[in-house]
Amino acid sequence: MFLSPTAPELRATFATDAALDLQLTLAPLWRGSGDPTMRFEPSGAAWRSLHTPSGPATLRLARRNGAVVADAWGAGAADALAQVPDLVGLTDQPERLRPRDPIVAGLVRRFPGLRLTRTNRLFDALVPAILEQKVTSTQAWRGYRGLVRAVSQPAPGPMRLWLPPLPADVAALPYFALHRFGVERRRAELLRHVAGMAERLEAATPAEAAARLLAVPGIGPWTVAEVTRLAHADPDAVSVGDYHLPSLVAWIFTGERRGDDARMLELLEPYRGQRGRVVRLLEVSGQHPPRHGPRLAPRRFEAM
C-alpha cells in the first residue's frame, strides 16, 4: 500500500531532454518487494532512503513533463537532492556505447531510457552484494531485510521506510545475530570485517577501493563488480562468477544454451569499456535460455 505523500520538506526539478526510465535505471538498487529501504509505486515513481553528510533522508523520484521531480524529507534533504542527478543516471553517458551488432543495436533502441545509477556510497552496495554471495535472491533479500531491521532506524518521510545499515552498527553486531535471517557465520563475519573498513573504502578512488576489496578473503571479482556497478556506475563491470549470467549472454548472442565465464567474456570483448552496460541491456531484454538441470538450491542455516 502506498501512502499519499505529505508535503515534502524540499523539492527540486531536474530538466532533461534525454529519455529516462526511472524504474529500469533504479531497479538494480531494489532488493525485492519487501525491501525496507526502497519502494516503487505503480506509476513508476521511486522512494529511497539514504544517509547523507547532514543526516538521514528519504527521496521520492518521479517523471513529470519531461523532468525528474525529487521530493525530500529529513535532516539530509538538501544533500539528498544534490545526489539525484547521479542516482537517476542524468550524469551517465549511455551514448558511449556504440552497438557493433544487431542484437545490441536493437536493445539500445528498445530501452533508450535505461541508464546507470550511481549511489556514491560503496558500503550501501557492499552489504547486499555480500548477502547475495552463493545464495538465491530470495534468501539474500530475507537476510537484508533482517539486517536492516536489526540495526537500523526508520527513515524520515511518509513512506515508512527504514534507513540502510550504518557501518558502525554492522561492525558491532555479533555474527550469530544474523543466523536467524539465514546468514551463516562466513558472510556475517565478512560483513563485520568490511564494516570496519568502510571509512577507508569510501575515501578511496574506485580503483583503490576495488583493490582493497579484492585483498579481503571472501571477496572476489563478482562482489567487486556488483559493488562498483552501483556505487560508481562502472559501465564495464561484469559479474564474473555469476550463476546465471554467462548462459544468458551466450544464449542471446549465439543461441548456445550453456555458457561459462570465459565464453561470456569472449562474447563481450568487442564492448570492452561498456561491457557492464551491455549486460544490463541483456538482463532487461526479457530473453532467457531454456532451463536445464536443477536451479540453484536454497541452503538453510537457521537450524545449524
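Look above for the structure.
A.B. asks: Sorry, what's going on with the overall build of the chain here?
C.D. replies: Across its full length, the chain holds 12 helices and five strands. For 304 residues, the compact-globule formula gives about 19 Å, and the C-alpha radius of gyration of the chain, at 19 Å, lands near that figure. Overall, the chain is about 55 × 50 × 40 Å in size when its C-alpha atoms are taken along their principal axes. Within the chain, the proportion of its 304 residues that are buried is 54%. When contacts within the chain are restricted to residue pairs at least 6 apart in sequence, those whose partners lie at least 24 apart make up 65%. Counting only carbon and sulfur atoms, one obtains 54% of the accessible surface of the chain, whose full area is about 14,400 Å². Treating the 39 positive side-chain charges of the chain as one cloud and the 30 negative ones as another, the clouds have centres 5 Å apart.

A.B. asks: It is not clear to me how the packing of aromatic side chains should be interpreted in this structure. Could you clarify?
C.D. replies: The description of an aromatic ring pair uses the distance of the two centres, along with the angle that the planes make with each other. Applying the stated criterion across every chain, the model contains three aromatic pairs. Ring centres of Trp47 and Trp73 lie 5.3 Å apart, and the angle between their planes is 20 degrees; on these two criteria the pair is classed as stacked. Residue Trp47 is found in strand β3 (residues 46-52), and its partner Trp73 is found in strand β5 (residues 67-73); the two are separated by 26 residues along the sequence. Here Trp47 falls in the buried class, since its relative accessible area comes to 0%. When its relative accessible area of 3% is taken as the criterion, Trp73 is described as buried. When the centroid spacing of 5.6 Å and the interplanar angle of 80 degrees are considered together, the rings of Tyr175 and Phe176 count as edge-to-face. On the accessibility criterion, Tyr175 (26% relative accessible area) is partly exposed. Note on Phe176: relative accessible area 54%, which makes it exposed. The ring of Tyr175 has Arg185 sitting right over it, with the charged end atom 4.1 Å from the ring centre.

A.B. asks: Explain helix α5 (residues 137-151) here, please?
C.D. replies: Helical periodicity: at 3.6 residues per turn, an α-helix aligns residues three or four positions apart in one direction. An ideal rise of 1.5 Å per residue puts 21 Å on 15 residues; α5 measures up with 21 Å between its terminal C-alpha atoms. Of the surrounding secondary structure, the elements contacted by the buried residues of α5 are α4 (122-131), α6 (167-171) and α7 (185-203).

A.B. asks: Even after reading the chapter, I still don't get the pairing of β5, so can you show me in this structure?
C.D. replies: Side chains on a regular strand alternate between the two faces of the sheet. For β5, the tally of buried residues reaches seven of seven residues, placing the bulk of the element in the interior. By the alternation rule, side chains of β5 split into Ala67, Val69, Asp71 and Trp73 and Val68, Ala70 and Ala72, which are all buried. In the sheet, strand β1 (residues 10-15) pairs with β5 via six bridges, with the strands oriented antiparallel. Looking at β5, one finds that Ala12 is bridged to Ala70.

A.B. asks: Whenever I open this one, the sheet that holds strand β2 (residues 38-40) confuses me. Can you help?
C.D. replies: Two orientations exist for strands paired in a sheet by backbone hydrogen bonds: parallel and antiparallel. Taken together, five strands build an open sheet; the order of strands is β1-β5-β4-β3-β2 and the sheet is antiparallel. Looking at which strands have only one partner, the edges of the open sheet turn out to be β1 and β2. Neighbour to neighbour, the strand axes of the sheet diverge by 25 degrees on average, direction disregarded. Where strand β4 (residues 55-64) lies against β5, seven bridges are found, and the strand directions are antiparallel. Paired with Leu59 across the bridge in β5 is Ala72.

A.B. asks: Can you help me understand the pattern of salt bridges in this one?
C.D. replies: Where charged atoms from two side chains of opposite charge approach closely, those side chains can pair. Per the counting criterion, the structure on display carries 15 salt bridges. Residues Asp124 and Arg121 are paired through a salt bridge, measuring 2.8 Å at the closest nitrogen-oxygen approach. A relative accessible area of 10% means that Asp124 is categorised as buried. For Glu266, the salt bridge is made with Arg263, and the minimal N-O distance between the two is 3.1 Å. Taken together, the residues Glu266 and Arg263, both in helix α11 (residues 261-268) and three residues apart, mark about one turn of the helix. Residue Arg263 is classed as partly exposed on the basis of its relative accessible area of 21%. Beyond isolated ion pairs, a larger network of salt bridges with shared partners links Glu184, Arg186 and Arg187.

A.B. asks: So what exactly am I meant to see when it comes to α7 here?
C.D. replies: Between its first and last C-alpha, α7 extends 28 Å over 19 residues, near the 27 Å set by a 1.5 Å rise per residue. Roughly 55 degrees is the biggest bend found in α7, and it falls at Met197. By the burial criterion, the buried members of α7 are Arg187, Ala188, Leu190, Leu191, Val194, Ala195, Met197, Ala198 and Leu201. Against α4, α5, α6 and α8 (206-214) lie the buried residues of α7.

A.B. asks: How should the environment of Asp242 be read in this particular structure?
C.D. replies: Relative to the helices and strands, Asp242 resides in the loop between α9 (221-231) and α10 (245-254). Relative accessible area serves as the criterion here: at 23%, Asp242 is assigned to the partly exposed category. For the pair Asp242 and Pro221, spaced 21 residues apart in the sequence, the C-alpha separation amounts to 9.8 Å. Not counting residues within four places of it along the chain, the set of residues in contact with Asp242 comprises Trp222 and Asp261.

About the criteria used
Counting from 1, residues in each chain are numbered in the order their sequence is written. Local features are withheld for residues below a pLDDT of 70 in this predicted model, meaning they are given only at 70 or higher, and side-chain atom pairs are given and counted only at 80 or more; totals for whole chains, interfaces and linings count all residues. Only heavy atoms go into the side-chain values, all of them from the structure, while hydrogens and water stay out. Helix and strand assignments follow DSSP, with helices taken as H or I runs no shorter than four residues and strands as E runs no shorter than two, numbered in order from the N terminus. C-alpha atoms define the radius of gyration in this analysis, and the globule rule sets the expected value at 2.2 Å times the number of residues to the power 0.38. Each residue gets one of three labels from its accessible area relative to the maximum for its type: buried under 20%, exposed over 50%, partly exposed in between, using a 1.4 Å probe on protein chains only. Two residues form a contact once any of their heavy atoms are found within 4.5 Å. Only the protein chains shown count as cover for residues, and all accessible areas are computed by the Shrake-Rupley method using a 1.4 Å probe. Positive charges come from Lys and Arg alone, negative charges from Asp and Glu alone, with His and the N- and C-terminal ends not counted. To locate a charge, take atom NZ for lysine, CZ for arginine, CG for aspartate or CD for glutamate. Whether two aromatic rings pair depends on their centres lying within 6.5 Å, for rings of Phe, Tyr and Trp, where Trp uses its six-membered ring; planes under 30 degrees apart make the pair stacked, over 60 edge-to-face, and the rest tilted. Only when the NZ atom of a Lys or the CZ atom of an Arg is both within 6 Å of the ring centre and within 35 degrees of the ring normal do we say a charge sits over the ring. What a helix should span is 1.5 Å times the count of its residues minus one. Two strands qualify as a pair provided DSSP detects at least 2 bridges between them. Comment: axis = line fitted to C-alpha atoms, over the contacting stretch for helices; angle = value between 0 and 180 degrees taken between N-to-C directions. By convention in these notes, a salt bridge is any Lys or Arg side-chain nitrogen within 4 Å of a carboxyl oxygen on Asp or Glu. Given a residue, its bend is the angle between the two axes fitted to the seven residues that end at it and to the seven that start from it.

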